[in-house]
Amino acid sequence: MNISLIFKVFLLSMTPVGECRISIPYGIYNGLSPLESFIISFLGNTLMGIIIYNIINWIGKYILSKETLKGYYDSFVRNKLKRLRIYSLGIVFSLAVFVAIPLPGTGAFTGAILARFLGLSLKEAIISITSGVLIASTIVTLLTLSSKVIF
């Protein structure tokens, strides 16, 4: 087992542009089994989504400690979020679908930012991000394996 390769795949899965779209093919083509590459990429990508959600949450609390921005947030954003809370399950599902699309700009990184701005709780964000990354990782693994068979 190549620890250096595992670490590279894990780090690649945590990048905002690469995520599982880069890390899974990289791992498979450099000698990891598809299952190893899938698991490492899934864990790294999901972990980064949760970290980003918490960082955005922390930054939001800091920004809202400023009176000018807090007034804007209370009058505009919070009122809009109240309307969205009615459809909480739909938002969680929609965000999971958004994260699951394996295209640039639609992964766990962006999903975590959207989850925070949509007012999802940490639990809802984890459900959305985890399920989306699971689907995206499955799609990328299958596409990588099929391209390996074709070429």
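Here is a short report on the structure shown in this document. (Residues numbered from 1 in each chain as written. Predicted model: local features only at pLDDT ≥ 70, side-chain atom pairs only at ≥ 80, totals over all residues. Heavy atoms only, no water.)

**Some points on the overall build of the protein chain**
Quick note on the threshold: The helix count covers DSSP runs of H or I at least four residues long, the strand count covers runs of E at least two residues long, and both are numbered beginning at the N terminus. A contact between two residues is defined here by any heavy atoms of the two lying within 4.5 Å. Accessible surface is estimated by sampling points in the Shrake-Rupley manner with a 1.4 Å probe; for residues, cover comes only from the protein chains shown.
On a plain count of helices and strands, the protein chain comes out with 7 helices and 0 strands. Going from the N terminus to the C terminus, the protein chain shows its helices and strands as α-α-α-α-α-α-α. Long-range contacts, defined here as pairs at least 24 residues apart, represent 72% of the contacts in the protein chain between residues at least 6 apart. When the accessible surface of the protein chain is totalled, it reaches about 8700 Å², and 75% of it is carbon and sulfur.

**Side note on helix α6 (residues 108-117)**
So the rule is basically this: For every residue, the accessible area obtained with a 1.4 Å probe (protein chains only) is divided by the maximum for its type, and the residue is called buried under 20%, exposed over 50%, and partly exposed between those limits. Directions are taken from the helix axis to each C-beta atom, and the arc is the one they span.
Looking at α6, one finds that the buried residues are Ala-108, Gly-111, Ala-112 and Ala-115. Looking down the long axis of α6, one finds its buried residues gathered within 100° of arc, a one-sided arrangement. Looking at the residues trailing α6, positive phi occurs at Gly-119, about 80°.

**Quick word on the nonpolar core**
Filter applied, for reference: Put simply, buried Ala, Val, Leu, Ile, Met, Phe, Trp, Tyr and Cys residues joined by side-chain atoms within 4.5 Å make one nonpolar core.
Formed by 17 residues in total, the largest nonpolar core has its most connected members in Ala-115, Leu-120, Ile-129 and Val-133. Secondary structure elements with two or more residues in this core: α3 (34-63), α5 (88-100), α6 and α7 (122-150). The dominant element in this core, judged by the number of residues it contributes, is α3, at 5 residues. With residues near it in sequence (within four places) discarded, Ala-115 still touches Tyr-53, Leu-95, Leu-120 and Ala-125.

**A closer look at the side chain of Glu-19**
Worth spelling out the cut-off: Pairs of N or O atoms within 3.5 Å make up the polar contacts considered here, provided that, within protein, one atom can donate a hydrogen while the other can accept it, and that residues adjacent in sequence are counted only when both atoms are side-chain atoms.
Here Glu-19 is to be found in helix α2 (residues 19-29). A distance of 2.9 Å separates a polar side-chain atom of Glu-19 from the backbone nitrogen of Phe-109. Contacts of Glu-19, omitting those with residues within four sequence positions, involve Leu-12, Ser-13, Asn-45, Gly-107, Ala-108 and Phe-109.

**Focus on the packing of aromatic side chains**
Rules: Note on ring pairs: Phe, Tyr and Trp rings are taken, using the six-membered ring of Trp, and paired if centres are within 6.5 Å. Classes follow the plane angle, with under 30 degrees stacked, over 60 edge-to-face and the rest tilted.
Inspection of every chain in the model, using the stated rule, returns 1 aromatic pair. Summarising the aromatic geometry, the rings of Phe-38 and Phe-42 are spaced 6.3 Å apart at their centres and angled 5° between planes, so their arrangement reads as stacked. In this pair, Phe-38 and Phe-42 both sit in helix α3, 4 residues apart, roughly one turn of the helix. Each member of the pair, Phe-38 as well as Phe-42, carries the same accessibility label: buried.

**So, the environment of Ser-137**
You can see Ser-137 is positioned in helix α7. Put simply, Ser-137 and Arg-21 are 116 residues apart on the chain and 7.6 Å apart in space, counted from C-alpha to C-alpha. With residues up to four places along the chain from it excluded, the contact list for Ser-137 reads Cys-20, Ile-24, Phe-38 and Phe-42.

**What about the pattern of salt bridges?**
Heads up, the condition is: Salt bridges are counted wherever a side-chain nitrogen of Lys or Arg sits within 4 Å of a carboxyl oxygen of Asp or Glu.
Under the counting rule described, the total for this entry stands at 1 salt bridge. Taking the shortest distance from any N to any O, the salt bridge between Glu-19 and Arg-21 comes out at 3.6 Å. You can call Glu-19 buried: its relative accessible area is 2%. Judged by its relative accessible area of 14%, Arg-21 falls in the buried class.

**Considerations on a nonpolar patch on the surface**
Formally: Exposure above 30% relative accessible area and the lack of any salt bridge qualify a residue for a patch; like charges then connect within 9 Å, and the nonpolar side chains Val, Leu, Ile, Met, Phe, Trp and Tyr within 5 Å.
On the surface, a cluster of nonpolar side chains totalling about 750 Å² of accessible area is made up of Leu-47, Ile-51, Ile-55, Trp-58, Ile-59, Tyr-62, Ile-63 and Leu-69. Looking at which element gives the most residues to the nonpolar patch, the answer is α3, with 7 residues.

**So, the side chain of Ser-37**
Summarising the element assignment, Ser-37 is placed in helix α3. Residue classification places Ser-37 among the buried residues on the basis of a relative accessible area of 0%. Ignoring sequence-local partners within four residues, the contact set of Ser-37 consists of Val-9, Ser-23, Ile-24, Gly-27, Ile-28 and Leu-32.

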